[in-house]
Amino acid sequence: MIHKKIRLAFIFIIILSGVVYAHPHVFIKTRTGFVFSRNSLAGVEVSWSFDSFFSGRVIMGCDRNKDRKFSASELRKVYKGFFSRLKLHNYFIYIWINNSYFRNIRISNFRARINAARIVTYSFFIKINTPLTARKKTVKLMYKDKTIFVAFYADVKSGIIKGIKPRVVKALNNKRAQYQVEFQK
Amino acid sequence: MKNTLIIIILITLIFSIAGHMYAKPDPVKTSKNDPAAFGDLSKSKTKSGGLWDAFLGINRKMQETVAKYLKEIKDNFSLVMLFVILFVSLIYGFIHASGPGHGKALVVSYFLDREANLLDAAAMAGLVSGVHIGSALVLATIFQLVFLVIPDQSVQTNLRSYFTIGSGIFIVCIGLYSLIEKIIHKNQEKKIDMKSKKSLLLVGIAAGIVPCPMAMAVMLLSISFGIYYVGFISVLGISFGMFALLFLIGTITIKSRQKIEAKLSGKTKFKNIFLKTIGIASASIIILFGLWITIYGFQIK
């Protein structure tokens, strides 16, 4: 009994130490659009706008001609230097379809732009392609960095549903960048 | 003594291997069993989140304020604006350091374990914040002014990972050393007191050695704006803010310990048990903390 208590205390201390160590340094504002076609949920359009400091690093590192635009070669540099590594962390993206974890996060159509306030925004598409059925489906999505170095928050005013609108039962999100869409044919 | 060392080395090795295996990034493995990671949003009452979200929001706003003033001073320099940046950075440093991390738990563990005064608290706060910010300044300067490059995400992540692992191992060693001291040299008060000063230095360096990513970001942005010295002033402000918070925490811990000791002054037996327990608990927490930081360092990769 005593040993059990000691073990529990040990685990608690370890967990607490870990939880209280990490803290965010990069902030990302997310916009997420669930794109529907006639018969399916085609995928998710994602847009990440970074804070000024991280944006500054990407601009300094990649916008070599300082024209505040990423050319094709500069865009490759952004992708290689400041994005592709995130694959190790599943791009910080977690998706569940009817409570089943969606494993195949594949990024396509990656773009990056700089706005007038020198904020860098990435946008990309995640193909899902799940058919619409008469039975209601629920898709959940959230962004999370387990090391808590990056913090996500949502632009709650941006639209969640895009493309041909299905019979959407619910489309919800919150400031923590968590999304839930329920739909059926 | 020989046996103790072998046991410590074995324990460290076992924890390191276990930590490394646990820490391999595998988001799929840890998420597949958690289909309702954030529950049902339609039943969730909190739209804006709780205390953690509020803390993140304040941090984000403070960070953006510093960035905004840096952009402004780039175009219109004035001394008043420089003081505003110093002040805002100080507040930001205080708020940022009040969140998780920054060696607060280590500072508390350290001062719970020994008699100390406010000078010690100031020395510890100065060491942690100075090393934390100073190492970032050095790195930012080396990258930008010596190598003339902006480190990409891989370089920065690797660096952060190496420094964190190094810091974690360093902290584990200090904790083990402290624990051995408690067990072996329990009757040599003077010797321990001499070593306390050295351990303050070691704990201070270990807690601060991971370069502050925020200070690095401020410096790199300032360099890109051609206002290196303004960045330096801002980083100095952040450092002062962090110093103020750590000093406050150190002081509260020292005073709390003194009060408890005063209450137990007539009860020698209880006092001895209390001090011994606190000493061993403090060293153990430092070891565990170091182990966790090491694991976290592997996770960053």
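What counts and what doesn't
- Residues numbered from 1 in each chain as written.
- Chains lettered and ligands numbered in written order.
- Predicted model: local features only at pLDDT ≥ 70, side-chain atom pairs only at ≥ 80, totals over all residues.
- Heavy atoms only, no water.
- Salt bridge = Lys/Arg side-chain N within 4 Å of Asp/Glu carboxyl O.
- Helix = DSSP H or I, 4+ residues; strand = E, 2+ residues; numbered from the N terminus.
- Buried < 20%, exposed > 50% of the residue type's maximum accessible area, 1.4 Å probe, protein only.
- Lys, Arg positive; Asp, Glu negative; His and termini not counted.
- Core = buried A, V, L, I, M, F, W, Y, C linked by side-chain atoms within 4.5 Å.
- Phe/Tyr/Trp six-rings, centres within 6.5 Å; stacked < 30°, edge-to-face > 60°.
- Lys NZ or Arg CZ within 6 Å of the ring centre and 35° of its normal.
- pLDDT = per-residue confidence, 0-100.
- Contact = heavy atoms within 4.5 Å.

Novice: How should the pattern of salt bridges be read in this particular structure?
Specialist: Two side chains carrying opposite charge are able to pair once their charged atoms lie near each other. All told, the structure shown has four salt bridges over all chains when counted by the stated rule. With a closest N to O distance of 3.0 Å, A:Arg31 and A:Asp155 form a salt bridge. Taken together, the residues span a long stretch of sequence, with A:Arg31 in strand 1 (residues 26-36) and A:Asp155 in the loop between strand 8 (150-154) and strand 9 (161-163) at a distance of 124 residues. Its salt-bridge partner being B:Glu261, residue B:Arg257 comes within 3.2 Å of it at the nearest N-O pair. A residue pair is termed a helical-turn pair when its members lie 3 or 4 positions apart in one helix, as B:Arg257 and B:Glu261 do in helix 10 (residues 228-263) at four residues. Judged on exposure class, the residue B:Arg257 and its partner B:Glu261 are both buried.

Novice: How should I be thinking about the side chain of B:Arg60 in this particular structure?
Specialist: Take B:Arg60: it is sitting in helix 3 (residues 51-75). Despite its burial, B:Arg60 pairs with no opposite charge; the closest candidate is B:Glu64, at 7.1 Å N-O.

Novice: Would you explain the nonpolar core in this entry?
Specialist: Note on soluble globular proteins: their nonpolar side chains tend to be buried together. Counting residues in hydrophobic clusters, the biggest one holds 49 residues, and the most contacted among them are A:Phe34, A:Trp48, A:Ile93, A:Ile95 and A:Tyr122. Ranked by size, the runner-up nonpolar core spans 38 residues in total, among them B:Ile73, B:Ile85, B:Leu139 and B:Met216.

Novice: What should I look at first to understand the packing of aromatic side chains in this one?
Specialist: Two aromatic rings are characterised by how far apart their centres lie and by the angle between their planes. Tallying each qualifying case throughout the model produces 25 aromatic pairs over all chains. Here the aromatic rings of A:Tyr79 and A:Phe110 are separated by 5.2 Å at their centres, their planes lie at 70 degrees, and the arrangement is edge-to-face. On the criterion of sequence distance, the pair formed by A:Tyr79 in helix 3 (residues 72-82) and A:Phe110 in strand 5 (residues 107-114) is long-range, its members being 31 residues apart. Judged by its relative accessible area of 31%, A:Tyr79 is partly exposed. By relative accessible area, A:Phe110 is classed as buried at 12%. Aromatic pair A:Phe83 and A:Phe124: ring centres 5.2 Å apart, planes at 50 degrees, arrangement tilted. Note that A:Phe83 is positioned in the loop between helix 3 and strand 3 (93-97) and A:Phe124 in strand 6 (residues 120-131), a separation of 41 residues in sequence. Under the relative-accessibility criterion, A:Phe83 is labelled buried at 0%. For the cation-ring pair, B:Arg60 lies above A:Tyr153, with the distance from its terminal atom to the ring centre recorded as 3.5 Å. Directly above the ring of B:Phe225 sits B:Lys74, whose terminal nitrogen or CZ lies 5.1 Å from the centroid.

Novice: Looking at this structure, I do not really get the confidence of the model for chain B. What am I missing?
Specialist: Do not read the predicted coordinates in detail wherever pLDDT is low. Residues and elements named next belong to chain B. Of the residues in chain B, 74% have a pLDDT of 70 or more, and the chain-wide mean is 75. Here helix 2 (residues 27-31) stands out as the least confident element of chain B, with mean pLDDT 42; helix 4 (residues 79-98) is the most confident, with 91. When the criterion is pLDDT under 50, residues 4-33 qualifies, and its contacts beyond four places in sequence or with other chains add up to 31 contacts. Overall fold confidence for the complex sits at a pTM of 0.76, while the interface term, ipTM, reaches 0.75.

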